[in-house]
Amino acid sequence: MSMIAAFYSGKSILITGATGFMGKVLMEKLFRTSPDLKVIYILVRPKAGQTTQQRVFQILNSKLFEKVKEICPNVHEKIRAIYADLNQNDFAISKEDMQELLSCTNIVFHCAATVRFDDHLRHAVQLNVTATQQLLIMASQMPKLEAFIHISTAFSNCNLTHIDEVIYPCPVEPKKIIDSMEWLDDAIIDEITPKLIGDRPNTYTYTKALGEMVVQQESRNLNIAIIRPSIVGATWQEPFPGWVDNLNGPSGLIIAAGKGFLRSIRGAPMAVADLIPVDTVVNLTLAVGWYTAVHRPKSTLIYHCTSGNLNPCNWGKMGFQVLATFEKVPFERAFRRPNADFTANTITSQYWNAVSHRAPAIIYDFYLRLTGRKPRMTKIMNRLLKTVSMIEYFVNRSWEWSTYNTEMLMSELSPEDQRVFNFDVRQLNWLEYIENYVLGIKKYLLKEDMAGIPEAKQHLKRLRNIHYLFNTALFLIAWRLLIARSQMARNVWFFIVSFCYKFLSYFRASSTLKV
Ligand SMILES: CCCCCCCCCCCCCCCCCCCCCC(=O)SCCNC(=O)CCNC(=O)[C@H](O)C(C)(C)COP(=O)(O)OP(=O)(O)OC[C@H]1O[C@@H](n2cnc3c(N)ncnc32)[C@H](O)[C@@H]1OP(=O)(O)O
Ligand SMILES: NC(=O)C1=CN([C@@H]2O[C@H](COP(=O)(O)OP(=O)(O)OC[C@H]3O[C@@H](n4cnc5c(N)ncnc54)[C@H](OP(=O)(O)O)[C@@H]3O)[C@@H](O)[C@H]2O)C=CC1
């Protein structure tokens, strides 16, 4: 029997961010391994015209929850969706709901965050710092609370190259930042943002670092742990390989590459691609919840959930594997033939941006105009290149994260727990993982049918022929223009033609002699 699974039985668990990528996988695993848990409270806001109940219904009816519904048929009774908006005071939770949460919760998993790189500092602080502070204040009023697990990111200290499992303080105290956001206007915040974030690349990593400081400062006598995952990708094994449901991290870029929009990135091919499957992060999170509640470490422990030091893969290799998978399972209706090139050279990268990204978009828009349709490709391309510029920071550097606490925890688990809550990335086969990831994107994000693969392959063949035809035509036009203008080019041309003629004559003569 798994000790971790048994620990969660009968427990009341509060999850924030349960409608997000990681939150859904966390809920799924909890129900699958501990179907006897008492209740999972989730803080949900209405979104995109859906009520909180409709959102929960949609999650439970997704493919991700198919196994859970077999194991725990009354799963819908065990989820208590609580209307909440983390941007509001007291999260806009009703008095009765708040009372129930405070009196019943045993474990808190705080996953909610804004993960947008370019979010306005005021909004990022509100969600990643102030909301964390408020949740900790709530947690301090929960008499039955056994553990509070905060999900941060391995990149909260990406301004350093070697990162230990400790909290690194930011120069300005989070409390001062929270206060100042209340009275500064947007224009001033915009002005001071670059100074505040310093050598971090965006407001996301900065506010996640502030969030960690808040956790440390507000911990009081709570049992707290922080988990820092690196770049979270599709599921590796559970509940099935390749599940993914949003465009964050590598997923959006894999789509852009597979559809032939994005063919090259300015990135160091040898830099470590620190991806981590979402089910690995969830397994570690649940193991940390158990360990923190049962062993009650004296201080707040931080756990790095990364792959680079134990099972490294680099961007060049990853790009190659993604491309190899596109050969087997191409995406439908690609704009161009896929490529996935990482180039460290800025000039080469600018050249490819012009030739391989912007020029085809302009030509295609010209074609759309000619055929009486609205041009759209340049707009899409500009957005894509904006996204790429935001991730360039992360694909041009390597980081080293120490993983003593994570390895210590692994050694504390029973063999059964090591199997059921596996977070040992040394067992991950990158080639297999990437193949399943690309396949998962095709199935669950693009919702493409596998039966369409032969047609997609045909389409790529047509694109290849168009590519060759276009290049040949371009070469001939350029050559013709060159010959018209330069004596030297004419001489070279006559030399080549006469050489070919002589070679053919010789070949013909020698074959006649043989007969
Ligand atoms: C050629 C080579 C190809 C190779 C392939 C080979 C292998 C793969 C290699 C790949 C290397 C990966 C490196 C990852 C590095 C991660 C670093 C980790 C950092 C820490 C990790 C974390 O701890 S945390 C998670 C990270 N946090 C995000 O990853 C949020 C990003 N995101 C935004 O910061 C906003 O989204 C942003 C973009 C501003 C737009 O902002 P915006 O206001 O202009 O627009 P919107 O957000 O409204 O989106 C407008 C339209 O862009 C679509 N879209 C949204 N995201 C998209 C996305 N990522 N890729 C594509 N498309 C995306 C969306 O679906 C909309 O499409 P539509 O218009 O059709 O609906
Ligand atoms: N994905 C990644 O690559 C990585 C993620 N992380 C961390 O993991 C955690 C989970 O990330 P992930 O699941 O990918 O993120 P998602 O963007 O998928 O999910 C974010 C969650 O936060 C909720 N949320 C956001 N704003 C509010 C609000 N005002 N009120 C209530 N809920 C809100 C969202 O709810 P709604 O559905 O209503 O928008 C959603 O459930 C985050 O803390 C993130 O920093 C760390 C490293 C990498």
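Just so we're clear, the structure is a prediction, and the values are computed from it rather than from any experiment.

Draft legend 1. Summary view of the site of ligand 1. Looking at ligand 1, there are 32 residues lining it, with Arg 116, Phe 117, Tyr 204, Leu 247 and Gly 249 nearest. Between an oxygen atom of ligand 1 and a main-chain N or O atom of Gly 249, the distance comes to 2.8 Å. A distance of 3.2 Å separates an oxygen atom of ligand 1 from a polar side-chain atom of Lys 386. When ligand 1 is considered free in solution it has 1400 Å² of accessible area, and contact with the protein chains removes 78% of it. Secondary structure elements with two or more residues in the shell around ligand 1: helix H11 (250–258), strand E9 (264–266), helix H13 (315–328), strand E12 (341–343) and helix H15 (377–395). At six residues, H15 tops the list of elements feeding residues into the shell around ligand 1. Class assignment of the residues belonging to the shell around ligand 1 gives a composition of 19 nonpolar, seven polar and six charged. The residues that make up the shell around ligand 1 include at least three from each of domain 1 (3–240 + 276–310) and domain 2 (241–275 + 311–448).

Draft legend 2. Here's a closer look at the site of ligand 2. Around ligand 2, the surrounding shell holds 26 residues, and the nearest of these are Thr 19, Arg 45, Lys 47, Arg 55 and Tyr 204. Within the side chain of Thr 19, a nitrogen or oxygen atom sits 2.7 Å from an oxygen atom of ligand 2. Interatomic distance of 2.9 Å between a backbone N/O atom of Leu 86 and a nitrogen atom of ligand 2. Protein coverage of the free-state accessible area of ligand 2, which is 890 Å², stands at 91%. Where the shell around ligand 2 is concerned, the elements lending two or more residues are helix H2 (21–33) and helix H10 (203–217).

Draft legend 3. Just the UniProt feature "domain: Thioester reductase (TE)" (unreviewed entry) in the protein, in detail. The sites that UniProt annotates as "domain: Thioester reductase (TE)" (unreviewed entry) are residues 15–284. Helix makes up 42% of residues 15–284 and strand 14%, and the two end C-alpha atoms of the span are 16 Å apart.

Each value, and the rule that gives it
Per-chain numbering applies: the sequence of each chain, read as written, is numbered from 1 onward. Chain labels run from A onward and ligand labels from 1 onward, assigned in the order the entries are written. Only residues with pLDDT of at least 70 get local features here, since the model is predicted, and only at 80 or more are side-chain atom pairs given and counted; chain-wide, interface and lining totals rely on the full set of residues. To get the side-chain values, take all heavy atoms of the structure and skip hydrogens and water. The criterion for a residue being near a molecule or strand is simple. One of its heavy atoms has to lie within 4 Å of it. Identification of polar contacts relies on pairs of N or O atoms within 3.5 Å, with a donor-acceptor requirement for protein atoms, meaning one able to donate a hydrogen and the other able to accept it, and with residues adjacent in sequence counted only if both atoms are side-chain atoms. Areas reported here follow the Shrake-Rupley algorithm with a probe of radius 1.4 Å; residue values treat only the protein chains shown as occluding. Numbering of helices and strands runs from the N terminus; a helix is a DSSP stretch of H or I covering at least four residues, while a strand is a stretch of E covering at least two. Three classes are used: nonpolar for Ala, Val, Leu, Ile, Met, Phe, Trp, Tyr, Cys and Pro, charged for Asp, Glu, Lys and Arg, and polar for all others, with Gly counted as polar. An automatic or database domain assignment provides the domain bounds reported here. UniProt positions are given in the numbering used here, feature names are shortened, and annotations may be inferred rather than shown by experiment.

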